[in-house]
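Single-letter residue listing:
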Amino acid sequence: MKMGRTLGVVATGGILFGLWISGWLKGFGLGDSKFPGVQVSTQQTKVSDEDVDQTLSKTNASTTLTSSTESRPETQAAPQVLDIIIDDAGYHFRNSQTYAIEPAVIPLDQVIQQALLTTPSNEGPRVKIYRKASSRTSNEARLSAALAEAGLKPVDIYWHPAVTE
C-alpha cells in the first residue's frame, strides 16, 4: 500500500515539475526559421466602437464616391495573402475567391515574384503554404530557401501543419 502511494506522489510531482519547466521553455518544439514549422502569433488588438464607426463611415463615403464617378479600367491589385499548394508536380496557386486549386503548375521563380507582390500587414502572414500528401520534401525545401533568400521573414510565411486534399 505504501509503494502505490509513493508512486502516485512521484508521478504527480513529475507532472507538476514538467508543467513548471514548460513555462521556462516556451519556444521549445516550434523549430527554427530554416525549416517549415508552425508560426504562432499571440498578439491581440483592441478596437473601440468609435474606430469601427469611423471605418464604416469612411467605407460608405468611398463607396458612394466611386459609384458616382465613371468606371475606369483598373489594374489588378496585389493579393494580401498568397495561398501556395505543393504537390508532386510542383507548385500551384489557390484562387482566393473560389478557394479552388489552379490546375497549372507554376514555376518557382514566378511563385517568388507573386509572393513579393503581396502586401505586408500586421494582421497575418503574406504567404500560406499547404502540402498535399503527394508533395515532395525537395519542393518544400526549395520553396522555403527561395522565400528566405527573397527576403520574406518567417513571420510572413505560414506552413499549414495538416495535409491538404
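Provided above is the structure to which this section pertains.
As the structure is a prediction and not an experimental result, all values here were calculated from the model.

So, how was this worked out
Residues numbered from 1 in each chain as written. Predicted model: local features only at pLDDT ≥ 70, side-chain atom pairs only at ≥ 80, totals over all residues. Heavy atoms only, no water. Helix = DSSP H or I, 4+ residues; strand = E, 2+ residues; numbered from the N terminus. Buried < 20%, exposed > 50% of the residue type's maximum accessible area, 1.4 Å probe, protein only. Contact = heavy atoms within 4.5 Å. Areas by Shrake-Rupley, 256 points an atom, 1.4 Å probe, with all protein chains shown as cover. Pairing = 2+ DSSP bridges. Polar contact = N/O pair within 3.5 Å; in protein donor to acceptor, adjacent residues only side chain to side chain. Salt bridge = Lys/Arg side-chain N within 4 Å of Asp/Glu carboxyl O.

Chemist: What exactly am I supposed to notice about the overall build of the chain here?
Modeler: The secondary structure content of the chain amounts to 4 helices and 4 strands. Secondary structure of the chain in N-to-C order comes out as α-α-β-β-α-β-α-β. Here the chain holds 165 residues, and the buried ones make up 21% of them. Summarising the internal contacts of the chain: among those between residues at least 6 apart in sequence, 68% fall at separations of at least 24. For the chain, the accessible area works out to roughly 12800 Å², and carbon and sulfur atoms hold 57% of it.

Chemist: What exactly am I supposed to notice about the pairing of strand 1 (residues 82–86) here?
Modeler: A regular strand places its side chains on the two faces of the sheet in alternate fashion. Among the 5 residues of strand 1, 5 are classified as buried, and the element is accordingly described as predominantly covered. With 5 bridges joining them, strand 1 and strand 3 (residues 127–132) adopt parallel strand pairing. By the bridge assignment, Ile86 is partnered in strand 3 with Arg131. In this sheet, strand 2 (residues 91–93) lies alongside strand 1 in antiparallel orientation, the contact comprising 3 bridges. Residue pairing across strands places Ile85 opposite His92, the latter belonging to strand 2. Between strand 1 and strand 2, which follow one another and run antiparallel, lie 4 residues, and Gly90 among them has a positive phi close to 150°.

Chemist: Is there a simple way to explain the side chain of His92 in this structure?
Modeler: Looking at the secondary structure, you find His92 in strand 2. From its side chain, His92 meets the backbone oxygen of Ala104 in a polar contact 3.1 Å long. Among residues more than four places away in sequence, those in contact with His92 are Asp83, Ile84, Ile85, Asp87, Ile101, Glu102, Pro103, Ala104, Val105 and Ile106.

Chemist: Is there a simple way to explain the pattern of salt bridges in this structure?
Modeler: Pairs can form between side chains of opposite charge once their charged atoms are near each other. Evaluation of the coordinates by the stated rule reveals 1 salt bridge. When the shortest N-O distance is used, the salt bridge between Glu140 and Arg131 registers 3.5 Å. Classification of Glu140 as buried rests on a relative accessible area of 11%.

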